[in-house]
Amino acid sequence: MRHLIVPTLAMAALAACQTAPKPQSGFLSAYDGLTEQTGTIRASVRERRDDGAAAGIERLFIEPAVLHPGAAEGLDPADVALVLSEVDRQICFELSERFTVLGAADPAAARVRTAVTGVRATGQAGSAASAVAGYFIPGPIGLRAPGTTGGLAVESELVGPDGRQAAALVWARDANVVGTDSPSLSRVGDALQLAEPMGDAVGDAFAPKDRKPRRIAEPDPCRRFGARMQPVGFLAGMATGLYVPELSGTGVPKDADGAIGEELKGRTTMSTFPDGSVVYMAYGADGQFTGRMGDATWSGRYTVADGKLCLRTASESECWPYAERLVPGQEQVVTGPEGQRVVVKLLD
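Computed from a predicted structure; not experimentally measured.

A. Seen up close, helix α5 (residues 189-206). The end-to-end C-alpha distance of α5 is 26 Å, a good match for the 26 Å that 18 residues give at a rise of 1.5 Å each. Of all the bends found along α5, the most pronounced is centred on Ala195 and spans about 30 degrees, while Pro197, a proline, follows it within four residues. For α5, a buried count of 14 out of 18 residues is recorded, marking the element as mostly surrounded by other parts of the structure.

Here it is, written out as structure tokens:
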């Protein structure tokens, strides 16, 4: 067995080089001055920062990440929603250690704009084979089947209250064939794992070098994105050799009190669609709902199960991804059945 393993490691190591840079998407307000970081081993990193402008920024609002057109072809909307949510989560975690993160936009504060410009799917069959191989070849360094690893590419910028770009980052990385990127049965398992180093890169790129990390504010401004620490996910990975999104903090309820969907009962949501239209939905404790948009009203029944919120009237039905609870009083972005990004607020 040893004679087989050593050549395999040598061959796979050739594929563990730095990720090739991705083309500029056009999402950022400016690309001038971006500098390629040469000290990175696995990721492609281009960044710029106006130290004077960044030093003057203390408060910021993190706009929900958006998907660049064509960036996730072939992936289900629910998987795309997980990636966007995890990108928001990791960026918030890192920036909250350097800035004061606001729960709502403020014209007097800076804002962070982010686009996911590439998601490469994880090969599920190859991941399963890698997990089996890891069982027979234990150790901290794992092997992945070439051609089955996924990737993530993101562009993000810090925009000051004056509308000028204070910092920018163009980041891309593919999971390595040799390394610590765990295989996953989720098609976006690698992209979800890579969101963490991406968030680290955003924090390093946006904060002035002399700004020291600070204690997390109370209440945690990132709580709406999920728990910062999820030990059960680490333990599951140790036991199975697989990364499991549901056990790693991704897509978990934002409030662990009660079953998901219970927070809707007796409350009303306000949903703002991309075209500016606003829909109010009142949810009863008996499974009934009433909707209102302008002078139009309708009613029906709703259910929350298997990560979906399904609405049914006498003539129509539709289901929305609903992998995490809404938090009263907080605006959250959800992905609709047709892929549209809708701002939803659960009213107190």
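B. Focus on the state of the cysteines. Using the criterion set out here, one finds two disulfides in the structure. Each sulfur in the disulfide pair Cys92 and Cys222 lies 2.1 Å from the other. With the S-S dihedral at roughly -90 degrees, the linkage between Cys92 and Cys222 falls on the left-handed side. Remark: Cys222 occurs in the loop between α5 and α6 (231-240) and Cys92 occurs in helix α3 (residues 77-95); sequence separation between them is 130 residues.

C. Quick peek at the packing of aromatic side chains. Counted according to the given criterion, the structure contains two aromatic pairs. For the pair Phe273 and Trp320, a centre-to-centre distance of 6.2 Å together with 80 degrees between the ring planes defines the contact as edge-to-face. One end of the pair, Phe273, is in the loop between β11 (268-272) and β12 (278-283); the other, Trp320, is in strand β16 (residues 317-321), with 47 residues separating them in the sequence. On the basis of relative accessible area, Trp320 is assigned to the buried category, the value being 13%. Residues Tyr283 and Tyr302 carry aromatic rings whose centres are separated by 4.9 Å and whose planes lie at 80 degrees to one another, so their mutual orientation is edge-to-face.

D. How the structure looks around the nonpolar core. Leu152, Leu158 and Phe206 are the most contacted members of the largest nonpolar core, which has 44 residues in total. Those residues in contact with Leu158, other than ones at most four positions away along the chain, are Ile57, Leu60, Phe99, Ala110, Arg111, Val112, Arg164, Gln165, Ala166, Ala167 and Phe206. In terms of nonpolar packing, the next biggest core, distinct from the first, is built from 15 residues, Tyr302, Leu311, Tyr322 and Val342 among them.

E. Just the sheet that holds strand β15 (residues 308-312), in detail. Read from one edge of the open sheet, eight strands run β16-β15-β14-β13-β12-β11-β18-β17, paired in antiparallel fashion. Among the strands making up the open sheet, the edge pair consists of β16 and β17 (331-335). Sheet twist, expressed as the mean angle between neighbouring strand axes with direction ignored, is 30 degrees. One ladder, built from four bridges, connects β11 with strand β18 (residues 341-346); its direction is antiparallel. Pairing of Met270 across the sheet is with Lys345, part of β18.

F. Here's a closer look at α3. Compared with an ideal rise of 1.5 Å per residue, which puts 19 residues at 27 Å, α3 spans 27 Å between its outermost C-alpha atoms and is within 8% of the ideal. Burial within α3 is extensive, with 17 of its 19 residues counted as buried.

Rules of the game
Residues numbered from 1 in each chain as written. Predicted model: local features only at pLDDT ≥ 70, side-chain atom pairs only at ≥ 80, totals over all residues. Heavy atoms only, no water. Helix = DSSP H or I, 4+ residues; strand = E, 2+ residues; numbered from the N terminus. Expected span 1.5 Å × (residues − 1). Bend = angle between axes of the 7 residues up to and from the residue. Buried < 20%, exposed > 50% of the residue type's maximum accessible area, 1.4 Å probe, protein only. Disulfide = S-S within 2.5 Å. Phe/Tyr/Trp six-rings, centres within 6.5 Å; stacked < 30°, edge-to-face > 60°. Core = buried A, V, L, I, M, F, W, Y, C linked by side-chain atoms within 4.5 Å. Contact = heavy atoms within 4.5 Å. Pairing = 2+ DSSP bridges. Axes fitted to C-alpha atoms, helices over the stretch in contact; angles between N-to-C directions.

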